[in-house]
Amino acid sequence: MSADADVIGIDLGTTQSLVGVVDAGFPILLADGRGSRMTRSVVYYAKDGMVVVGEEAWRRRVTEGERTVGSIKRLMGRRASDEVLMPEGGQGMDGMGPEVRAGAEGLLGVVVDGVWRSPVEVSAAILRRLKAVAEEALERPVSRAVITVPAYFNDAQRQATREAGRLAGLTVERILNEPTAAALAFGLDKLGERSRVAVYDLGGGTFDVSILELNEGIFQVLATHGDTRLGGDDADRLLADWLAEQMDEGGWAGLNALERGRVLEGAIEAKHGLSSADEVEVRLPFWRGDRSFVRMVKREEFERLIRPLVERTRGLCRRAMADAGVKPEDLQAAVLVGGSTRIPLVRQIAGEIFGREPDTSQHPDETVALGAVIQAGILSGALRQVVLLDVTPLSLGIETFGGLMNVILPRNTTIPARAGELFTNAVTDQPGMRIRVLQGEREMARDNWTLGEFEVDFEKGPKGSARVGVQFEIDADGILKVLARDTKTGQDKVVEIRHAAVDVTEAKVEEMISQSVDHAFADMTERQLAEASLKSRELLEAVAGALPQAGDALDAVAREHIATGVAEVEAALAAGELRRLKAANAALDAATETLAAVLVERAMEEALARRMGG
């Protein structure tokens with residue numbers, strides 16, 4: 001096989017990363033020189049400029065934490081205003097790494113030796129290492145890749161992942177959602193011609209759940225939900241905090257960086273042990289001078305600490321099933337993947353959610369990577385073709401006159417997708433239109449998130465004379481392009497929404513969806529009020545312009561009816577009462593029927609006169 005034909009599959013994980021390729025018709029994961037298929041997603045920046053990735057970098061984390069970067073995936077596409085990412089006065093994700101600080105465009109990164117490094121740069125180092133592992137194993141260069149991301153990664157995070165691949169010397173052929181990759185590896189087609197499966201993916205740093213279906217050869221994601229701030233890292237930190245409290249030394253805040261590193265390592269070992277044992281011993285000899293710490297940790301103590309964390313997955317799973325229109329009994333399987341699904345409590349809660357014994361047949365650490373390899377093999381032609389259809393997790397649209405959210409691509413639209421609408425100028429002599437691209441589920445633009453905005457210029461003219469077509473296109477990677485076209489001149493403006501890092505945590509995503517349900521009635525009322533108000537203003541403007549044209553053709557009674565109608569519309573507008581405003585609009589519409597008839601008759605007479613005169 002030529003180097004150009006190879007497409008490698010990469011699981012770029014929060015804590016561990018893997019790489020593989022289809023070789024001789026079989027998807028395989030590749031091992032490094034030590035025989036390990038997993039590479040720690042940790043990067044160490046030495047004083048002499050050397051960059052170390054993997055296990056050796058992880059070992060340096062305790063002694064040189066300020067030079068060692070872990071869990072960088074959680075900073076992808078995030079801004080400084082995201083307070084959840086700034087614990088311990090700006091220190092790293094576990095309070096012991098390099099300082100987290102905003103850089104260009106307000107995006108978060110880490111500072112090592114006074115040098116700000118972006119998550120893209122750090123991720124590129126990890127990808128460079130995985131590329132080297134593949135080239136060493138295959139004994140040939142590789143340059144093309146499929147890289148997985150959490151299903152809930154927004155456009156900025158997907159673009160950042162693609163850019164990291166480019167910096168690592170890779171052409172990223174596809175950005176693939178992790179649950180989709182897991183379903184590929186599981187082999188959804190083995191369940192029957194029409195099969196539905198839930199993929200519950202709880203990794204080191206992120207959680208995703210997707211409902212997928214195979215129907216007549218089409219492999220489709222029906223719905224997806226997730227939280228890129230929920231994973232095994234959080235369980236580690238909860239247990240480490242608890243252990244620090246048992247030391248009676250002021251808790252976590254009373255520990256220095258070296259001590260924190262040792263406590264965190266003890267917590268991680270205990271977590272792993274409690275997956276198979278009812279209790280484990282945490283032993284930290286000489287953790288401070290001649291002082292040692294020994295403590296038995298019971299599984300029930302650990303489960304009590306992490307239960308609120310794991311329970312957060314319940315609501316996400318229920319929403320995914322509701323969006324997909326399925327009940328637990330409609331599923332053929334509930335597949336667990338991700339290293340954190342080894343925890344017995346996670347398996348128990350997943351079983352409760354889906355009403356069945358969860359399928360744990362897949363290797364929790366390797367399934368997503370294997371799916372990436374299968375997708376890579378499909379793209380390279382090394383495996384038979386499978387049609388993959390993903391979905392967009394939130395609605396996309398633009399702001400329209402009156403501050404309304406006009407949805408162009410609804411939530412859970414199958415991607416790739418393309419859709420558009422035609423818009424016009426709302427004001428006479430308007431010189432252009434600002435296209436504000438929105439993401440969210442609320443009726444009013446202000447309640448949604450702004451992904452980007454740009455101007456489209458057109459010729460000034462009467463209200464309604466301009467025609468601007470706006471088209472949204474999402475590619476297979478979930479990356480959005482917006483096209484705006486002035487239909488009169490044919491001029492296009494195409495904007496790819498790059499680095500559209502809105503200040504959104506996954507908690508806020510869930511809050512957005514919950515609010516869209518909780519405030520559905522109020523939002524719809526406000527939307528209707530906004531639309532009724534627009535109609536009122538159009539009516540008032542039209543009446544003000546038409547009355548002088550009617551002249552003596554309109555009698556005093558008709559004028560009085562119109563004046564009364566105008567006064568009521570103005571009063572209803574000022575009061576902001578929807579029912580009253582709708583009634584006032586209807587009354588003014590009825591009152592102006594005579595006026596409209598007069599104007600139509602006059603226009604016909606003028607047209608006839610022009611024709612006779614001509």
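Reference entry: report on the structure contained in this document.

The rules we used
Residues numbered from 1 in each chain as written. Predicted model: local features only at pLDDT ≥ 70, side-chain atom pairs only at ≥ 80, totals over all residues. Heavy atoms only, no water. Buried < 20%, exposed > 50% of the residue type's maximum accessible area, 1.4 Å probe, protein only. Helix = DSSP H or I, 4+ residues; strand = E, 2+ residues; numbered from the N terminus. Pairing = 2+ DSSP bridges. Axes fitted to C-alpha atoms, helices over the stretch in contact; angles between N-to-C directions. Contact = heavy atoms within 4.5 Å. Expected span 1.5 Å × (residues − 1). 1 Å grid on protein atoms, 1.4 Å probe; cavity = no way out; pocket = protein on both sides within 12 Å on 5 of 7 lines; lining within 4 Å. Points joined across faces, edges and corners; volume = space filled by probe spheres on them. Nonpolar A, V, L, I, M, F, W, Y, C, P; charged D, E, K, R; others polar. Parallel < 35°, antiparallel > 145°, perpendicular 65-115°, else oblique. Left-handed = near helix turned anticlockwise from the far one by under 90°.

## Observations regarding the pairing of strand 2 (residues 16–23)
Regular strands place side chains that alternate from one sheet face to the opposite one.
Here's step 1: Burial of strand 2 is extensive: 6 of the 8 residues sit out of reach of the surface.
Here's step 2: The pairing of strand 1 (residues 8–11) with strand 2 spans 3 bridges and is antiparallel. Across the sheet, residue D11 finds its bridge partner in strand 2, namely L18.
Here's step 3: Summarising the sheet, strand 2 and strand 4 (residues 39–40) pair through 2 bridges and their orientation is antiparallel. Bridge pairing links Q16 to R40 in strand 4.
Here's step 4: Where strand 2 meets strand 3 (residues 26–29), 4 bridges bridge the pair, whose relative direction is antiparallel. Paired with G20 across the two strands is L29, which belongs to strand 3.

## Points about the environment of G65
Here's step 1: You can see G65 is positioned in the loop between helix 1 (55–63) and strand 7 (68–70).
Here's step 2: With 21 residues separating them in the primary sequence, G65 and Y44 have C-alpha atoms 8.7 Å apart.

## Things to note about the sheet that holds strand 7
Here's step 1: Across the sheet, 3 strands lie side by side as 6-5-7; this open sheet has antiparallel pairing. Looking at strand neighbours, the two that pair on one side only are strand 6 (51–53) and strand 7, the edges of this open sheet. Within this sheet the neighbouring strands show an average axis-to-axis angle of 20°, counted without direction.
Here's step 2: When strand 5 (residues 42–45) meets strand 7, the two strands line up antiparallel, connected through 3 bridges. Pairing of Y44 across the sheet is with T68, part of strand 7.
Here's step 3: Strand contacts of helix 1: strand 5, strand 6 and strand 7, with the helix running at about 70° to strand 5, the strand carrying the most contacts.

## Things to note about the sheet that holds strand 23 (residues 417–423)
Here's step 1: Spatial strand order, 23-26-27-28: 4 strands in an open sheet with antiparallel pairing. The outermost strands of the open sheet, each flanked by one partner alone, are strand 23 and strand 28 (491–496). Between one strand and the next, the sheet's axes are offset by a mean angle of 15°, whatever the strand orientation.
Here's step 2: Here strand 23 runs beside strand 26 (residues 468–474); their pairing, made up of 7 bridges, is antiparallel. Bridge pairing in strand 26 links L422 to G469.

## Quick word on the environment of E593
Here's step 1: In this structure, E593 sits in helix 14 (residues 593–613).
Here's step 2: Residue E593 is classed as exposed on the basis of its relative accessible area, which comes to 55%.

## Let's talk about helix 9 (residues 367–380)
Here's step 1: The end-to-end C-alpha distance of helix 9, which contains 14 residues, comes to 20 Å, matching closely the 20 Å that a straight helix rising 1.5 Å per residue would cover.
Here's step 2: For helix 9, the buried fraction is high: 11 of the 14 residues fall into the buried class.
Here's step 3: Taken together, the buried positions of helix 9 are T367, V368, A369, G371, A372, V373, I374, Q375, A376, G377 and I378.
Here's step 4: G381 lies just past helix 9 and shows a positive phi near 90°.

## Things to note about the layout of surface pockets
Here's step 1: Computed from the structure, the second largest pocket encloses a volume of approximately 620 Å³.
Here's step 2: Lining the second largest pocket are 22 residues, and of these T400, F401, T424, A426 and L534 lie nearest its centre.
Here's step 3: Those elements that place two or more of their residues in the lining of the second largest pocket are strand 20 (396–400), strand 24 (432–439) and helix 11 (520–550).
Here's step 4: Ranked by residue count, the leading element in the lining of the second largest pocket is helix 11, at 6 residues.
Here's step 5: For the lining of the second largest pocket, the class distribution of residues is 9 nonpolar, 4 polar and 9 charged.

## Quick look at the packing of helix 2 (residues 119–138) against helix 3 (residues 155–167)
Here's step 1: Close contact between helix 2 and helix 3 brings their axes to 8 Å; oriented N to C, the two are set at 55°. Classed by the angle they form, the pair helix 2 and helix 3 counts as oblique. The element helix 2 and its partner helix 3 pack so that their crossing is right-handed. Between helix 2, through V120, S123, A124, L127 and R128, and helix 3, the contact on the second element is made entirely by A160, E163, A164, G165 and L167.
Here's step 2: For the contact of helix 2 with helix 3, the class distribution of residues is 6 nonpolar, 2 polar and 2 charged.

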